Amino acid sequence: MVKLLEFKEKLKNFYAEHEIYMRPILKFIILFVALVTIKLQFDIKNVVSSWVIILGMSVVFAFLPWALIVAGVMAVVILDILSLSLELAALVFMLISIMMILFFRFAPEQGLFLVLVPVAFFLKIPYIIPLTAGLLFAPTAVVSVTFGTLIYYLISVISKHKEALSNISLGESTTTGSFAVVNLLTHNIEMYLVMVAFAVTILVVYFVRRLSINNAWPIAIISGGVLDFVLMLVGSFVLKLDYSNMQLIVGTVVSLILTYILHFFVFSVDYSRTEHTQFEDDEYYYYVKAVPKINVIAPEMNVKRINAQRKKKNMPKTK
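Residues numbered from 1 in each chain as written. Predicted model: local features only at pLDDT ≥ 70, side-chain atom pairs only at ≥ 80, totals over all residues. Heavy atoms only, no water.

Engineer: Describe the overall build of the chain, and please don't skip the residues or the numbers.
Structural biologist: For the chain, the count of helices and strands is 13 helices and two strands. Within the chain, the proportion of its 319 residues that are buried is 39%. Look at the contacts in the chain between residues 6 or more apart in sequence, and 71% of them connect residues 24 or more apart. With the model as given, the accessible surface of the chain reaches about 19800 Å², and the carbon-plus-sulfur share is 66%. (Helix = DSSP H or I, 4+ residues; strand = E, 2+ residues; numbered from the N terminus. Buried < 20%, exposed > 50% of the residue type's maximum accessible area, 1.4 Å probe, protein only. Contact = heavy atoms within 4.5 Å. Areas by Shrake-Rupley, 256 points an atom, 1.4 Å probe, with all protein chains shown as cover.)

Engineer: Account for the packing of helix H12 (residues 216-238) against helix H13 (residues 245-266), with residues named and values stated.
Structural biologist: Two measures define how a pair of helices packs: the angle their axes make with one another and the distance between the axes. At a closest axis distance of 10 Å, the pairing of H12 and H13 adopts a crossing angle of 165 degrees. Overall, the two elements H12 and H13 adopt an arrangement that is roughly antiparallel. You can see that H12 and H13 cross each other, and the crossing is right-handed. Facing Trp217, Pro218, Ile221, Ile222, Gly225, Phe229, Met232 and Leu233 of H12, the residues of H13 in contact are Asn245, Leu248, Ile249, Thr252, Leu256, Thr259, Tyr260, His263 and Val266. Of the residues that constitute the contact of H12 with H13, the class distribution is 12 nonpolar, five polar and no charged. (Axes fitted to C-alpha atoms, helices over the stretch in contact; angles between N-to-C directions. Parallel < 35°, antiparallel > 145°, perpendicular 65-115°, else oblique. Left-handed = near helix turned anticlockwise from the far one by under 90°. Nonpolar A, V, L, I, M, F, W, Y, C, P; charged D, E, K, R; others polar.)

Engineer: Explain a negative patch on the surface to me, and be specific about the residues and the numbers.
Structural biologist: A grouping of Glu280, Asp281, Asp282 and Glu283 is seen on the molecular surface, where their side chains present a negatively charged patch. You can see Asp281 is positioned in the loop between strand E1 (275-280) and strand E2 (285-290). (Patch = residues over 30% accessible without salt bridge, like charges linked within 9 Å, V, L, I, M, F, W, Y side chains within 5 Å. Salt bridge = Lys/Arg side-chain N within 4 Å of Asp/Glu carboxyl O. Lys, Arg positive; Asp, Glu negative; His and termini not counted. Charge placed at Lys NZ, Arg CZ, Asp CG, Glu CD.)

Engineer: Outline unusual backbone geometry, supporting the account with residue identities and numerical values.
Structural biologist: Even without glycine at this site, Asn215 takes up a positive phi of about 60 degrees. Tracing the backbone through its elements, the reader meets Asn215 in the loop between helix H11 (189-209) and H12. Using a relative accessible area of 38% as the deciding quantity, one classes Asn215 as partly exposed. A positive phi angle, close to 60 degrees, is found at Lys240, a residue other than glycine. Along the chain, Lys240 turns up in the loop between H12 and H13. Residue class for Lys240 comes out exposed when judged on its relative accessible area of 75%.

Engineer: Requested: an account of the packing of aromatic side chains, with residues and values cited.
Structural biologist: Using the criterion set out here, one finds nine aromatic pairs in the structure. Arranged with centres 5.9 Å apart and planes meeting at 20 degrees, the rings of Phe28 and Phe32 form a pair that is stacked. Residue Phe28 and its partner Phe32 are located together in helix H2 (residues 19-42), separated by four residues, close to a single helical turn. Through pairs of rings, three or more aromatic residues link up here, namely Phe121, Phe122, Tyr127, Tyr152, Tyr153 and Phe198. (Phe/Tyr/Trp six-rings, centres within 6.5 Å; stacked < 30°, edge-to-face > 60°.)

Engineer: Now, about a nonpolar patch on the surface: what can you tell me, with residues and values included?
Structural biologist: Together, Leu11, Leu136, Met246, Ile249, Val250, Val253, Val254, Ile257, Leu258, Ile261, Phe265 and Val266 make up an exposed nonpolar region whose accessible area comes to about 960 Å². A total of 10 residues in the nonpolar patch trace back to one element, the largest contributor, which is H13. By the element assignment, Ile249 lies in helix H13.

This is how it looks when you write it as structure tokens:
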């Protein structure tokens, strides 16, 4: 455990020293994965689907604020949909515009879920999203995660029916095809189940981790993961959905592990040294529970160079 804490401190110190470089690198990794995921889902040959363009956009977006990053990624999605249907692209543009106005006006940092939720779904670990949102954000994250889920299912439905949308020679107009996709999306029972399960999980994780009890964060993670698993399992059984139970189990386990690793780096405390104190002022009595953080000073290695050339003593002098 001490070694892990030392590694954590070293990592934090390294990030603090090189933050000016690490932030763009982390952004680049997230954006590259997101853009590649979008490319693989749509599988459309256009300008933004080129590997060179994807790499270039990832590099440029890495130096922008998150608000512009999210707007750029959503623009890529709209351009891909535009290659299939102008009407559907206009509809998606209006929907995304409403989301971005809501997020960037009140909670711009939560707009990132519009990018992370679809990526987590495509990586088969979507259950990490409600756990992380409940741990790190307020209950308002329910709205951003819900919209992110909507964007995922929108991309998924369009990618599954892209041939029908792009094939105009069958006698159907692009408008008819667009309405067909909208109808499939609005009648997607699985999407509504996921939205409800994620919303309930976020609220439960948030309120549990704020309780004044020992190990509140680990309890919140486990309870949220189990609750999300049960809701998805029972919901898919009752609604008779073709949902993979093995994928649900593996995704939940992996999400729990990754969330606990996040908890280790964000919220490490020593409950064995908890202190309780109380004081008062003219109007209130205060009862305070203080739990100290676990801080381990990482050992530093100081390397000293010793001059190996020493004067030899008691050596006979040569003439």
